[in-house]
Each structure stands twice: as structure tokens, then as C-alpha cells.
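# Descriptive analysis of the structure
The lines below spell out each chain.
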Amino acid sequence: MNHNIRSTIVKVCSVALDHIALVHQKALLQPFVYEFLLLLLLTLSSYSETERVFGSMAPDVVVQAGLLILTLAIFVAMYNLPKQALSKLRLKNRATVQANRHFFQGAQLLARARSAQKQANSLTLAQGAVTEANKALNLDPKDAAAHILKALALDLQGHKTSALRSLDTALTPPAVKSLSDRERGDALFKRAELRVAINRRRRVDSAIADLVEAVELSKDNSKAFCLLGECYEHKGMKDEARKAFIQAQTIEPTSVAVRQALERLAPPPT
């Protein structure tokens, strides 16, 4: 057999083996189909390699027949396997669409809750946002955005401990992988804010850890720098607190709280 043809057959067999193995890993091939294709490809590859070493031992028609059988086998396998695979894909896409719809409805309810004039209306709308977030999470438990939406709505209702648990889930793999750097930074700031609100004395160290990472991911978040300064000040770390407040003032020069903090932390005149 021509050397180029033989090399081509070996390469094709190698690539085909990789693709079949990948499809099998995704449970798209029945075991008997996978084993048949694997055996056929290995036979063809072995035939080509044997011929390279010992010379032509069979006419080219044998190889051509083998390739024809391989083509037919792949065709049969690809004809049968997509039914189950496509069904799974359709169900997954449908669940994703439904989860996104519940998330956007929840986000709209949360926005209305924040702007509501009456507290009773705000709490009712916030509860609606929690309900929509839960519906989204039932369809896609790994969606960090839905966990964050739930946390924000729970916080608005005053359920800070439950909100903190939702943020912990959002910031833990695998959910956190769906967040951009900016989104993760904002979520870390919110978690630090909740930790300080629940128990500043016991949670200040973990809040500082969150805030240090948050300001690295969202360098223009003046509120995160301000809260970081407050945490440092609470621990008596005045130099670190001053630096954090200076960063906050650089981002938001008109902030009264930052100006007062810097005045409070100013070194005594010599």
C-alpha cells in the first residue's frame, strides 16, 4: 500500500478513536456500539501498521472494504444516538430559559421592593423576589446570580443570616464560576456587609478578607473601601484604615462619611 495512504488511514483512525471516546464519555453511545466501533478502528489501524512492517499482505480492496464498513457503522450509530441526546439537550435548554425568566421576574420585584414607599408593600414584593429566586434555583441550582438575588431580597426583609447563607452558596464552587470578576467583587462586598451587620466583633476578620478581595476585583467600589476602612479602624489598625478611606475618597470625593473618618484618623499635630 502507498505510504501516504497508510499514514492517512492511521491518522484518521486515531482522530476517530478520540471523537468516539469523547462521545462515549457523554453517554451518547450505547456500550455495544462503542465497543464495535472501537474494535473496527483498532483493526484498521493495526492492519496499516502491520503492512508497514511486513509489507503488503492483503490487497487494497480489503482496506477499502473496511473503510466502507466503518463509514456505515458510524452512520448507523449517529442515526440512533441523537434521539436521546437531543432530548436531553432540549430539556436542559428549556430549564435554562425558564430559570432565566424566573430570575428576571425576581429582579424586577426586588427593584420595585426597594423603591416602594410603604414597608408592607416592600416586604411583600421582596418575598415575591425570594419566591422567583427559589423557582430559578430549582431549575438551575448552580446559578450564582439567583442565589445573590435571593440574598438581596432576604436582606431587605431583615433575614440577614439567611441572606448570608445564600451569598455563601453563591461564592462557593461550582456556583461562583458563573460570576464575572466584577460580580464576584460586589457579592464579596455584600457578604462582608452582612457579616459586619450580624456580628462585627466576631466576624470582622472574615469581613476584611472578603473586602480585600472585593476591592481587588472592583477597584472603583468606594463603599467597599469605606467598609474596609471601618473594619480596620475597629481593629485599631489606623494606618490601614486611613489608606482605605483615602482610596474611597479618591473614588467618591464628596462622601461626608469618608471625610469625617479621615478627620477622625488624622495624626495628632506635632
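Described below are features of the structure shown in this document. This structure is a prediction, so every number in the text was calculated from the model and none was measured.

What counts as what
Residues numbered from 1 in each chain as written. Predicted model: local features only at pLDDT ≥ 70, side-chain atom pairs only at ≥ 80, totals over all residues. Heavy atoms only, no water. Axes fitted to C-alpha atoms, helices over the stretch in contact; angles between N-to-C directions. Helix = DSSP H or I, 4+ residues; strand = E, 2+ residues; numbered from the N terminus. Parallel < 35°, antiparallel > 145°, perpendicular 65-115°, else oblique. Left-handed = near helix turned anticlockwise from the far one by under 90°. Contact = heavy atoms within 4.5 Å. Nonpolar A, V, L, I, M, F, W, Y, C, P; charged D, E, K, R; others polar. Core = buried A, V, L, I, M, F, W, Y, C linked by side-chain atoms within 4.5 Å. Buried < 20%, exposed > 50% of the residue type's maximum accessible area, 1.4 Å probe, protein only. Phe/Tyr/Trp six-rings, centres within 6.5 Å; stacked < 30°, edge-to-face > 60°.

Contact pair helix H9 (residues 222–234) / helix H10 (residues 238–251): the axes reach a minimum separation of 8 Å and the direction vectors enclose 160°. One finds that H9 runs roughly antiparallel with respect to H10. For the pair H9 and H10, the sense of crossing is left-handed. From H9, Ser222, Phe225, Cys226, Leu228, Gly229, Glu230, Tyr232 and Glu233 reach across to H10, where they touch Glu240, Ala241, Ala244, Phe245, Gln247, Ala248 and Ile251. Tallied by class, the residues present in the contact of H9 with H10 amount to nine nonpolar, three polar and three charged.

What follows is about the nonpolar core. Core analysis: the biggest nonpolar cluster contains 49 residues, and Leu211, Leu227, Cys231 and Phe245 have the highest contact counts within it. Elements supplying a minimum of two residues to this core: helix H4 (82–115), helix H5 (119–139), helix H6 (144–157), helix H7 (160–170), helix H8 (181–217), H9, H10 and helix H11 (256–265). Tallying contributions element by element places H8 first for this core, with twelve residues. The residues touching Leu227, leaving out its near neighbours within four places in the chain, are Phe189, Ala192, Glu193, Val196 and Leu211.

As enumerated under the stated definition, the model contains one aromatic pair in all. Where Phe103 meets Phe104, the ring centres are 5.6 Å apart and the plane angle is 65°; that geometry is what we call edge-to-face.

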